[in-house]
Amino acid sequence: MNVLSILGGNVFVMFNKEIAREVSVNGAIIFGQLCSSYESFGSKNMLTNYHGNEYFFLTSEVIEEETALTYKQQLKAIKDLEAAGYIQNCNNGISSKEILSYH
């Protein structure tokens, strides 16, 4: 078996080491997933423009499924990414849904 084939496809999240050092490993994992989701939503014309920023919906359940990070781990990572200026999180008032954007 080719070792690289284990990492191929949709079974991994890109990881930015600089963000991991600056924010946290979990923050880098979340950011990698957000980048992937942003590209996916964009390719399907599913981004929403709001006050000049592009947003998309991801539930905590989807993030957990894609990253294996628990809800509590996600909250901390998202808070840290926001504080560092990597993302903007707008809670739209719907339970378990968040609209996320990165810049």
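Everything here concerns the structure above.
Predicted model only: the values in this text are computed from it and were never measured. Residue positions within a chain follow its written sequence, with the count starting from 1. Note on the predicted model: pLDDT of at least 70 is required for a residue's local features to be given, and 80 or more for side-chain atom pairs to be given and counted; whole-chain, interface and lining totals, by contrast, use all residues. Remark: hydrogens and water are excluded; side-chain values derive from all non-hydrogen atoms of the structure.

Q: Looking at this structure, how should I read the side chain of Thr67?
A: By the criteria applied, helices consist of DSSP H or I runs no shorter than four residues and strands consist of E runs no shorter than two, each listed in order from the N terminus. Tracing the sequence through the fold places Thr67 in helix α4 (residues 60-67). Categorising residues by exposure relies on relative accessible area from a 1.4 Å probe, with only protein chains included: less than 20% of the type maximum marks a residue as buried, more than 50% marks it as exposed, and the intermediate range marks it as partly exposed. On the basis of relative accessible area, Thr67 is assigned to the buried category, the value being 14%. Separated by 3.2 Å, the side chain of Thr67 and the backbone nitrogen of Leu69 make a polar contact. Contacts were defined at the residue level, with two residues in contact if any of their heavy atoms lie within 4.5 Å. Each residue touching Thr67, except ones within four places of it in the same chain, is listed here: Val13, Ile29 and Gln33. Any pair of nitrogen or oxygen atoms within 3.5 Å is treated as a polar contact; in protein, a donor-acceptor pairing is required on top of that, and neighbouring residues in sequence qualify only through side-chain atoms on both sides.

Q: Sorry if this is basic, but what is going on with the packing of helix α3 (residues 25-43) against helix α5 (residues 71-83) here?
A: Each pair of packed helices gets described by two things: the angle between the helix axes and the distance between those axes. With their axes 8 Å apart at the nearest point, α3 and α5 run at an angle of 85° to one another. Here α5 runs roughly perpendicular to α3, going by the angle between their axes. Together, Asn26, Gly27, Ile30 and Phe31 of α3 and Gln73, Gln74, Ala77, Ile78 and Leu81 of α5 make up the contact between the two elements. Gly counts as polar in this scheme, as do all residues outside two lists: the nonpolar Ala, Val, Leu, Ile, Met, Phe, Trp, Tyr, Cys and Pro, and the charged Asp, Glu, Lys and Arg. Its residues placed into classes, the contact of α3 with α5 shows 5 nonpolar, 4 polar and no charged. For every element, the axis is a line fit to its C-alpha atoms; helices are fit only across the contacting stretch, and the angle between N-to-C directions ranges from 0 to 180 degrees. Each angle receives one of four descriptions, namely roughly parallel if under 35 degrees, roughly antiparallel if over 145, roughly perpendicular if within 65 to 115, and oblique otherwise.

Q: Before we go on, may I ask you to explain the pattern of salt bridges in this structure?
A: Between side chains of opposite charge, a pair can form when the charged atoms approach closely. A side-chain nitrogen of Lys or Arg and a carboxyl oxygen of Asp or Glu constitute a salt bridge if their distance falls within 4 Å. A full pass over the atoms with the stated rule returns 1 salt bridge. A salt bridge links Asp80 to Lys76; the nearest nitrogen and oxygen atoms lie 2.9 Å apart. A residue pair is termed a helical-turn pair when its members lie 3 or 4 positions apart in one helix, as Asp80 and Lys76 do in helix α5 at 4 residues.

Q: Would you mind showing me how to read the nonpolar core here?
A: Generally speaking, nonpolar side chains in soluble globular proteins are found buried as a group. In plain words, nonpolar cores are sets of buried Ala, Val, Leu, Ile, Met, Phe, Trp, Tyr and Cys residues tied together by side-chain atoms within 4.5 Å. Ile19, Ile30, Leu81, Tyr86 and Ile87 are the most contacted members of the largest nonpolar core, which has 18 residues in total. For this core, the elements supplying multiple residues, two or more each, are α2 (17-22), α3, β2 (53-59) and α5. The element contributing the most residues to this core is α3, with 6 residues. Those residues in contact with Ile30 that lie beyond four places of it in its chain are Ile63, Leu69, Gln74, Ala77, Ile78 and Leu81.

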